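Now for the letters of each chain:
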Amino acid sequence: MNALIKPAFDVARIRQDFPILGEKIRGKDLVFLDSAASAQKPRVVIDAMVHAMERQYANVHRGLHWMSERTTEAYEEVRDALAGLLNAPDRSHIVITHSSTEAMNLVAHSYGRGILKPGQAVVISAMEHHANLVPWQMLRDAHGIELRIAPITDAGELDMAGYEALLQDRKVGLVSITHMSNVLGTYTPAERIVQLAHRYGAKAMLDGSQAVVHRAVDVQALDVDFYAITGHKLYGPTGIGALYAKRELLDAMPPWMGGGDMIRSVSFEVTTWNDAPYKFEAGTPAILEGIGLKAAIDYVQGIGFEAIAAHERQLTEHALSCLAEIDGVTVIGHAQDRGGVVSFTMDGAHAHDVATLLDRQGVAVRAGHHCAEPLMRRLGVDSTSRASFGIYSTMEEVDALAAALVRIREFFR
Amino acid sequence: MNALIKPAFDVARIRQDFPILGEKIRGKDLVFLDSAASAQKPRVVIDAMVHAMERQYANVHRGLHWMSERTTEAYEEVRDALAGLLNAPDRSHIVITHSSTEAMNLVAHSYGRGILKPGQAVVISAMEHHANLVPWQMLRDAHGIELRIAPITDAGELDMAGYEALLQDRKVGLVSITHMSNVLGTYTPAERIVQLAHRYGAKAMLDGSQAVVHRAVDVQALDVDFYAITGHKLYGPTGIGALYAKRELLDAMPPWMGGGDMIRSVSFEVTTWNDAPYKFEAGTPAILEGIGLKAAIDYVQGIGFEAIAAHERQLTEHALSCLAEIDGVTVIGHAQDRGGVVSFTMDGAHAHDVATLLDRQGVAVRAGHHCAEPLMRRLGVDSTSRASFGIYSTMEEVDALAAALVRIREFFR
Amino acid sequence: MFEDLRNLYQDTIMQRGKSPKHGSRLAVFDAQAKGDNPMCGDRVHVFLRHEGGRVAELGFEARGCAISIASADLMAEAVAGQSDARALEIADAVFAMVRTGDITDPSLDLLRPLAAVSEAKSRIKCATLPWGALQSALAGSGAEKGSVEA
Amino acid sequence: MFEDLRNLYQDTIMQRGKSPKHGSRLAVFDAQAKGDNPMCGDRVHVFLRHEGGRVAELGFEARGCAISIASADLMAEAVAGQSDARALEIADAVFAMVRTGDITDPSLDLLRPLAAVSEAKSRIKCATLPWGALQSALAGSGAEKGSVEA
Ligand SMILES: Cc1ncc(COP(=O)(O)O)c(C=O)c1O
Ligand SMILES: Cc1ncc(COP(=O)(O)O)c(C=O)c1O
């Protein structure tokens, strides 16, 4: 797509690109406010995957025949697309994984067990998704790493003084913090997080699972060492994600999984590894998923992150003001810089009941701990309901959410 | 599908189910003899994935709304389908992975580092795919496990006496051997392999990546402890595979990757794990891929493994007799019990050149070491060309291969 | 005016969900067990006191939604005065009901308000959570059902 | 009769692939490097002898296909008598040619038979393998290019 002739953002036109948005739920139009869990897929993604399966498919990398050559080319394009999306220097910085969960586990295993030394510390924050918490707990227990938790403020922002205090003894080898909270919507000050980590001699990873969907990310400007993303939240298929990493780190890190593609040469005695990023990619890759994700990245870049961010800001502000007007509904998290995710509770109603009763009215939200149990504890709640927005979300859908909540509130009285 | 009214095997009808088989390569009909690398996808698989993306999609497991409930149900059906395919007792024995490579890495990490003790040994064979070799080398180097290699005969069969000899000191904790060689086509005597392992106190894993595509597998009859498969060779999408394991092993094994879905409860101090199989599945699963693989399994079961095996036997025998007639072409591997994979070399022509020259004539085969470098060394070759068959392969395609090889032979003279 | 909501959230569920009659720990108990739903964080702790070979009283502490709490509260009444064997039978009937949408035993009419979860699949676990804990308590395991410590 | 095959496998490739003129280790050499293609197992070992600041001779040992061996053999002739700087320029021209399908420098017509790999993408690495090793040898690294030991 040509970046120069970017048409004005037109949500109605965008919605036509998503076949599923025409579906009815219990006779009502689907109001899908659960994109932060997983986004719907545009026609171009579906078409790209279908095209591969119907017309151009074979295993990649090792094949010498026409189908394999063409499929390899199509698949490897996702690496360039990802490098472009994140402004990585080139495709050799992009390890393709099956999810951001796998990307972060890769770092915890390879960098964690391979480079960090027992006695060193890892810093995460109090608002991490389990995917950026459990791997570090496992590293702590297996490898003698100390796990430190950077505090957050009551507004749901990272407590920067508290964070810096954790770094001061210079025992921290790695910081791994979310770039955008999947519960609170909070964007963390990524540049400062990385700068501080570097100042105290630590490497820095950002969990970009949410952030990359909503705003332009520039890993070089951030100077971040590792950046993890997941495809299915970015309007791409499931089963694919990526890890950006600085090249010297990838070169220094030992491989994690063994198998085809990640080797240079194998004998029973000694095996040598392929160059990064392939060193970290064992087995047949997610070929169809790569082809789908490439289409998704092209699609969102065609719309442009400026327009996407503006649209989502509008939706979020509208949601915050609608919810503020509903008596008994409390929004959780008040970060200054926030993306299209709004968590809330309702007095006297459990979040599950709220979500089910919204669903009865055709409105899909998520409810529970959102894979962030420790954050729930920090916030003093068991669970929240969460509405989250995508490029196809509309102001009318926010209104529908608010109206449905008003009814639930009455129902619970 | 109704197992009772199974129509006679009709390859022409089957071919109509695979849209890609209508493609032309360099103006010629595609002759796709590379299914062992990855199989083509039938219409039902494409349709199932499209249906999910167009009409019924959301993240699974944690969602309380209509789309999430329906998608969870559709996704979880693959577990039953896999249990049925392998005759596992129930779905709780099926861990869903992203490939058989990941399945075997899971066992090498979780069972290998978690249960096996330094000083114990793991036995693999001389004909393993790198996916069932490199993870054990990494385990050897990281965890002090001895790696033993069961020899093969010149015919390319497992040397059972040599295998048993490796077990005799009872230091072997785990045997992991392929159920069917991706290079030689050899089926290994799986039942005897498992029995002998058990007799000497070892657990047994079979790499079923190839076998499960070509014949009925019954993990209970085999009494095997672990069985690994991969979806994309079974006419399903990429990015999905599975590990069958006995329940008591899954219960005893520590988790491997950390993240969402695999936990029971999380606090910064202590995290408890979900029950198996979920304990081993971190993060958003391969939802679309699960839905696609379910359709693929239904499809092959609808045809029936008896018919599939008979068809492929016919193709293989025809191929062996055609190739035997071409002067200078040598088939590699002469196992008594073999599946639809035929490797060969041509005097004076490198396998790559053979594959490229076949491709020029529209015939797609693989060439190289087939991710089995140590096997190449054992066989005294650098590489082979490999033709492999699927349910859609025809006798005419075998003829086309033979005719193209005759031309190449002349060209090289 | 709330027909669309009331199918699942019948008055019984709403009332008992809000103000359960048996939602407290027993001062004296001879069996107990916890249950939890790892996917959503709901927890229940069930306490039983027996007298003369029968369940004399059941109380519970719970963190959860209206459905799980109402289910626990109805459970307390359904099993009171029953033998352990009968209590387990009732639990089985509930596990069947939440799948089929029906309960065949007329003596269990009390539990019928839970039947509608059969068409809200993601909430079935909410309804069965207390019943799983009851099974554990009666089995004497007293452990968090199915939990595996790190 | 072999038009469909000959586009890529021109006579030069076939002859040099079968019987390379420079396919042996030099008895005396002052630079050497290995190259390998991990995906297919092809390997090449390049040996160089300089005289008066120029490449006097290039020999190689290789395990590989006709394209990689013919490429190495043509390389030996293309760089003989050239300065290191010029040899590297020629290597650059080859890396460009296998992508574009053309070589612009008429003095390198000798290498033109390799141009057709540009439309057999999976074989580009075969053609460039010896040239990568040449670059390593001239850079004096002498290591297997890019390899990482376990
Ligand atoms: C015998 C065997 N094992 C393992 C694998 C690895 O499968 P995947 O790449 O799908 O993980 C393959 C296929 O490449 C195979 O043929
Ligand atoms: C902030 C954050 N990190 C990590 C993840 C994990 O993503 P995935 O499940 O795709 O690995 C998610 C989404 O679930 C998330 O929101």
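Each chain carries its own residue numbering, running from 1 in the direction its sequence is written. Working convention: letters from A go to chains and numbers from 1 go to ligands, in the order in which they are written. Two thresholds apply to this predicted model, a pLDDT of at least 70 for residue-level local features and 80 or more for giving and counting side-chain atom pairs, whereas whole-chain, interface and lining totals are computed over all residues. The side-chain quantities take in all heavy atoms of the structure and omit both hydrogens and water.

J.: Explain the nonpolar core to me, using residue names and the numbers behind them.
T.: Side-chain atoms within 4.5 Å are what join buried Ala, Val, Leu, Ile, Met, Phe, Trp, Tyr and Cys residues into a set we call a nonpolar core. Partly exposed describes any residue whose relative accessible area lies between the buried limit of under 20% and the exposed limit of over 50%, with all areas from a 1.4 Å probe on protein chains only and scaled to the type maximum. Residues Tyr-163 and Tyr-227 of chain A together with Tyr-163 and Tyr-227 of chain B are the most contacted members of the largest nonpolar core, which totals 260 residues. Not counting chain neighbours up to four residues away, the residues in contact with Tyr-227 of chain A comprise Leu-86, His-179, Leu-206, Gly-208, Ala-211, Val-212, Val-217, Val-219, Leu-222, Ala-242, Leu-243 and Tyr-244 of chain A. Between two residues, a contact is recorded if the distance between any of their heavy atoms is within 4.5 Å.

J.: Go over the domain arrangement of chain A with me, naming the residues and quoting the values.
T.: All names here are of chain A. Once the domains are mapped, chain A shows domain 1 (11-37 + 305-412) and domain 2 (47-301). The C-alpha centroid of domain 2 is placed 28 Å from the C-alpha centroid of domain 1. By buried area we mean the combined loss of accessible area, with a 1.4 Å probe, across both parts when two parts are placed together. Together domain 1 and domain 2 conceal approximately 2,700 Å² of surface at their shared face, both sides included; 56% is due to carbon and sulfur atoms. In terms of surface lost to domain 2, no three residues of domain 1 exceed Phe-305, Leu-375 and Arg-378, which account for 25% of the buried area on that side. Each salt bridge in this description consists of a side-chain nitrogen of Lys or Arg and a carboxyl oxygen of Asp or Glu lying within 4 Å of one another. On the surface where domain 1 and domain 2 come into contact, there are 2 salt bridges. Residue ranges labeled as domains rest on an automatic or database domain assignment.

J.: Explain the interface of chain A and chain B to me, using residue names and the numbers behind them.
T.: At the interface, 92 residues of chain A touch 92 residues of chain B. Carbon and sulfur atoms make up 61% of the surface buried where chain A meets chain B, a total of about 7,200 Å² over both sides. The interface formed by chain A and chain B contains 4 salt bridges. For Arg-55 of chain A, the salt bridge goes to Glu-23 of chain B, with nearest N and O atoms at 2.8 Å. Labels follow the DSSP assignment, with helices taken as runs of H or I lasting at least four residues and strands as runs of E lasting at least two, numbered in each case from the N terminus. In terms of residue count, helix 2 (residues 43-55) of chain A provides more of the side of chain A that touches chain B than any other element does, 8 residues in total. When residue character is reported, Ala, Val, Leu, Ile, Met, Phe, Trp, Tyr, Cys and Pro are called nonpolar, Asp, Glu, Lys and Arg charged, and the others, Gly included, polar. Residues belonging to the side of chain A that touches chain B are distributed by class as follows: 47 nonpolar, 28 polar and 17 charged.

J.: Go over the sheet that holds strand 1 (residues 31-37) of chain D, please, and point to the residues and values.
T.: All names here are of chain D. Paired strands, in this sense, are two strands between which DSSP finds at least two bridges. Strand order in the open sheet formed by 3 strands is 1-2-3, and the pairing between neighbours is antiparallel. The outermost strands of the open sheet, each flanked by one partner alone, are strand 1 and strand 3 (54-63). With direction set aside, neighbouring strand axes in the sheet form an average angle of 20 degrees. Note that strand 1 and strand 2 (residues 42-51) share 7 bridges and pair antiparallel. A fitted line through C-alpha atoms represents every axis, and for helices the fit uses only the stretch in contact; the resulting angles, taken between N-to-C directions, go from 0 to 180 degrees.

J.: A description of the site of ligand 2 should follow, citing residues and the corresponding values.
T.: In the vicinity of ligand 2 there are 16 residues, among which Thr-101, Asp-207, His-232 and Lys-233 of chain A together with Thr-284 of chain B approach most closely. Think of it this way: one heavy atom of a residue within 4 Å of a molecule or strand is enough to make that residue near it. Ligand 2 sits at the junction of chains A and B, each of which supplies nearby residues. Contacts described as polar in this section are N or O atom pairs within 3.5 Å, which, within protein, must combine one atom able to donate a hydrogen with one able to accept it, while residues neighboring in sequence count only if both atoms come from side chains. The separation between a nitrogen atom of ligand 2 and a polar side-chain atom of Ser-209 of chain A is 3.2 Å. Contact with the protein chains removes 97% of the 390 Å² of surface that ligand 2 exposes when unbound. Of all the elements, helix 4 (residues 100-114) of chain A adds the most residues to the shell around ligand 2, at 3 residues. Note on areas: Shrake-Rupley, 1.4 Å probe, and residue coverage restricted to the protein chains presented here.

J.: How would you sum up the pattern of salt bridges? Please name residues and give values.
T.: Considering all chains together, one arrives at 88 salt bridges over all chains under this definition. A salt bridge links Arg-378 of chain B to Asp-154 of chain B; the shortest N-O distance between them is 2.9 Å. Residue Arg-378 of chain B is found in helix 14 (residues 373-379), and its partner Asp-154 of chain B is found in the loop between strand 6 (146-150) and helix 6 (160-167); the two are separated by 224 residues along the sequence. Of the residues examined, Asp-154 of chain B reaches a relative accessible area of 67% and is grouped as exposed. Between Arg-264 of chain B and Asp-36 of chain C there is a salt bridge whose closest N-O contact spans 2.3 Å. A residue pair is termed interchain when its members come from two chains, as with Arg-264 of chain B in strand 11 (residues 263-266) and Asp-36 of chain C in strand 1 (residues 31-37). Connected through salt bridges with shared partners, the residues Glu-76, Arg-79, Asp-80, Arg-91 and Glu-281 of chain A form a single ionic network.

J.: Account for the site of ligand 1, naming residues and giving values.
T.: Residues in contact with ligand 1 amount to 16 residues; listed here are only the nearest, Thr-284 of chain A together with Thr-101, Asp-207, Thr-230 and Lys-233 of chain B. Neighbouring residues of ligand 1 are distributed over chains A and B. Asp-207 of chain B is positioned such that a nitrogen or oxygen atom in its side chain is 2.5 Å from a nitrogen atom of ligand 1. Between ligand 1 and His-232 of chain B there is a distance of 2.6 Å, counted from an oxygen atom to a side-chain nitrogen or oxygen. Here ligand 1 has 390 Å² of accessible area as a free molecule, and 98% of this is covered by the chains. For the shell around ligand 1, the leading source of residues is helix 4 (residues 100-114) of chain B, giving 3 residues. Looking at the shell around ligand 1 residue by residue, the classes come out as 2 nonpolar, 12 polar and 2 charged.

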